[in-house]
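# Descriptive analysis of the structure
The chain contents come next:
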Amino acid sequence: KKKIAVMTSGGDSPGMNAVVRAVVRMSIHMGCDAFCIYEGYEGLVQGGDFIRQMGWDDVRSFLSEGGTLIGTARCMAFYERPGRLTAAKNLVLNGIDALIICGGDGSLTGADKFRAEWPSLLEELVDNKELTPEQVAPYKHLNIVGLVGSIDNDLSGTDATIGCYSALSRICEMVDYIEATASSHSRAFVIEVMGRHCGWLALLAGVATGADFVFIPERPRDQDWREDMKVVVQRHRNMGKRKTIVIVAEGARDKDGTKITPTEIKDLLADKSEGGLCLDTRITTLGHVQRGGTAVAYDRILGTLQGVEAVKAVLEATPETETCFIAINENKIVRKPLMQAVKETKEVAVAVDAKDFDKAMGLRDTEFSD
Ligand code: F6P
């Protein structure tokens, strides 16, 4: 019987539980044994009780729970070879040679490295007499499939990562709440949102709430962003708006690479000097409320469909198959080479660093304020 394990890694994201449930149940449906590795790579390195066989009923009610019920961790030990050696031993001892990992690009890159090293890890374990040649013989290849779980929607090659629409919905809900009080007091709010180096959450939240101005890392602003923002905000106020909403991605930078901070934006909006906007301004950092809470329907569906596809990919893989991840492209669930997507993601980041973003992304200014 094939033994398939699933784990969640890196920052949690809404929809990860749907993945775990789908992988466990699809594996059982396909006649395999299903395992969960608790606490991400940490559990893989620790072994023992962190690796548990799962039954059909063990994942009941997972769909409506936020976070990841099997835990996650950012594990340093796995990034060193001795940690990966222990992880390989634990998999062999449990008879597992297929791993489905739901995490961000860092977690998935670690998985690809693990797979590439697998034969040499087994060799070393035999040389060290930690395992016998007979024990490792049935596990020549490690089969890995990635699922992208992240609120940031920051991996190239897929239209959406599992969790991004839940976080986006949460942000919009929060901005709606803030708007009510902003309007009552005729105030301005600077709202900082997550996303690490990616501005997807900030940009889409800006479109969905009709924000006045948005700062994202993918479009580093010229030095005159201060004047630009002032002109736009003033124009909207002249049109009769009683509220001003500026959304800033946590990774926003100007063209010199200097971080654009909520405090700097606030000071500009509140500037009481002649020609200043003189707006009563507050800062709200949304923080982890964006990542917690239950998944919206889209993320539950995405996690489920992609979890099912991941099990199929594991069962159809050959030793020659490149490590793939499950993507969604134009509403179709597809398998794609993992490392190519990681490379393309890095190329965009390099373009941003090279202050050549417009060329890389072709973004233009849009006027979408409410
Ligand atoms: O990658 C998801 C994310 O929530 C980012 O948006 C954010 O920068 C980071 O994780 C926060 O990490 P932590 O939860 O470790 O503070």
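Residues numbered from 1 in each chain as written. Predicted model: local features only at pLDDT ≥ 70, side-chain atom pairs only at ≥ 80, totals over all residues.

### Observations regarding the overall build of the protein
Per the secondary structure count, the protein includes twelve helices and eleven strands. Taking all 370 residues of the protein together, the buried fraction comes to 46%. Intrachain contacts of the protein at a sequence separation of at least 6 include 76% that bridge at least 24 residues. (Helix = DSSP H or I, 4+ residues; strand = E, 2+ residues; numbered from the N terminus. Buried ≥ 20, exposed ≤ 12 C-beta atoms within 10 Å, placed from the backbone. Contact = placed C-beta atoms within 7 Å.)

### A word on the nonpolar core
Core analysis: the biggest nonpolar cluster contains 65 residues, and Val20, Val23, Cys36, Ile100 and Phe325 have the highest contact counts within it. Not counting chain neighbours up to four residues away, the residues in contact with Ile100 comprise Ile4, Val6, Val23, Val145, Leu147, Ala310 and Val314. Membership of the second largest hydrophobic core comes to 40 residues, among which are Ile151, Val175, Leu203 and Val233. (Core = buried A, V, L, I, M, F, W, Y, C linked by C-beta atoms within 7 Å.)

### Digging into the sheet that holds strand S3 (residues 51-54)
Pairing is mixed across the open sheet formed by seven strands, whose spatial order is S3-S2-S1-S4-S5-S10-S11. Here the strands that pair on one side only, and so sit at the sheet edges, are S3 and strand S11 (332-337). The average angle at which neighbouring strand axes cross in this sheet is 30°, direction not considered. Sheet topology places strand S1 (residues 3-8) next to strand S4 (residues 98-103); five bridges connect them, and they run parallel. Residue Val6 lies in a different strand from S4, and its bridge partner there is Ile100. Its contacts with the sheet put helix H4 (residues 105-127) on S4, strand S5 (143-148) and strand S10 (324-329), and the angle it makes with S4 is roughly 160°. Relative to the sheet, helix H10 (residues 297-316) contacts S1, S4, S5, S10 and S11, its axis offset from that of S5 by approximately 165°. (Pairing = 2+ DSSP bridges. Axes fitted to C-alpha atoms, helices over the stretch in contact; angles between N-to-C directions.)

### Some remarks on unusual backbone geometry
Despite not being glycine, Ser61 shows a phi value in the positive range, around 70°. By C-beta crowding, Ser61 is classed as exposed, having 10 other C-beta atoms within 10 Å. Unusually for a residue other than glycine, Asn331 sits at a positive phi of about 70°. You can see Asn331 is positioned in the loop between S10 and S11.

### Structural notes on the sheet that holds strand S8 (residues 244-249)
Judged by pairing direction, the sheet is parallel, and its four strands sit side by side in the order S7-S8-S6-S9 without closing on themselves. Every other strand in the sheet has two partners, leaving strand S7 (213-215) and strand S9 (281-285) as the edge strands with one partner each. Pairwise comparison of adjacent strand axes, ignoring direction, gives a mean angle of 15° for this sheet. Across five bridges, the pairing between strand S6 (residues 188-193) and S9 is parallel. Following the sheet pairing, Glu192 is matched in S9 by Thr285. The strands touched by helix H6 (residues 164-185) are S6, S8 and S9; relative to S6, the strand with the most contacts, the crossing angle is about 165°. Sitting on the sheet, helix H9 (residues 262-270) touches S6, S8 and S9, and the angle it makes with S9 is about 160°.

### Some points on the site of the ligand
Residues in close proximity to the ligand include Gly11, Gly104, Ser150, Ile151, Asp152, Met194, Gly195, Arg196, Glu250 and Arg291, which together make up its full environment. Among the residues making up the shell around the ligand, the classes are represented as two nonpolar, four polar and four charged. (Near = placed C-beta within 6 Å. Nonpolar A, V, L, I, M, F, W, Y, C, P; charged D, E, K, R; others polar.)

### Quick look at the pairing of S6
Counting buried residues along S6, six of its six residues qualify, which places the element largely inside the surrounding structure. The alternating pattern of S6 places Ala188, Val190 and Glu192 and Phe189, Ile191 and Val193 on opposite faces, both of which are buried. The pairing of S6 with S8 spans six bridges and is parallel. Counted as the bridge partner of Val190 is Val246 from S8.

### Some points on the UniProt feature "active site" (unreviewed entry) in the protein
Cross-referencing UniProt, the feature "active site" (unreviewed entry) maps to Asp152 in the present numbering. Residues in contact with Asp152, not counting those within four places in the same chain, are Thr161, Cys164, Met194, Gly195, Arg196, Cys198, Trp200 and Leu201. (UniProt positions renumbered as here; feature names shortened; annotations may be inferred.)

### Concerning helix H3 (residues 81-93)
Look at H3: 18 Å from first C-alpha to last across 13 residues, which is about the 18 Å you get at 1.5 Å a residue. What H3 keeps buried is the set Arg84, Ala87, Ala88, Lys89, Leu91 and Val92. Gly95 sits one or two residues past H3 and shows a positive phi near 70°. (Expected span 1.5 Å × (residues − 1).)

### Considerations on the packing of H6 against helix H7 (residues 200-209)
Packing of H6 against H7 leaves a shortest axis separation of 9 Å and a crossing angle of 50°. The angle between H6 and H7 places the two elements in the oblique class. Considering the relative orientation of H6 and H7, their crossing is right-handed. When H6 is examined against H7, the residues Cys164, Ala167, Leu168, Ile171, Cys172, Val175 and Asp176 are found in contact with a partner set consisting of Trp200, Leu201, Leu204, Ala205, Ala208 and Thr209. The residue inventory of the contact of H6 with H7, partitioned by class, reads eleven nonpolar, one polar and one charged. (Parallel < 35°, antiparallel > 145°, perpendicular 65-115°, else oblique. Left-handed = near helix turned anticlockwise from the far one by under 90°.)

### Examining the confidence of the model for the protein
Summary statistics for the protein give a mean pLDDT of 93 and a share of 94% for residues scoring 70 or more. Here residues 357-367 is a poorly scored stretch, pLDDT under 50, and it has twelve contacts once near neighbours within four places are set aside; other chains count. (pLDDT = per-residue confidence, 0-100.)

### What to know about the packing of helix H1 (residues 16-29) against H10
At their nearest, the axes of H1 and H10 sit 7 Å apart, and the two run at 35° to each other. For the pair H1 and H10, the crossing hand works out as right-handed. Taking contact as the criterion, the partners of Met16, Ala18, Val19, Ala22, Val23, Met26 and Ser27 in H1 are, on H10, Asp299, Arg300, Gly303, Thr304, Gln306, Gly307, Val308, Ala310 and Val311. Along the lines of polarity and charge, the residues of the contact of H1 with H10 split into nine nonpolar, five polar and two charged.

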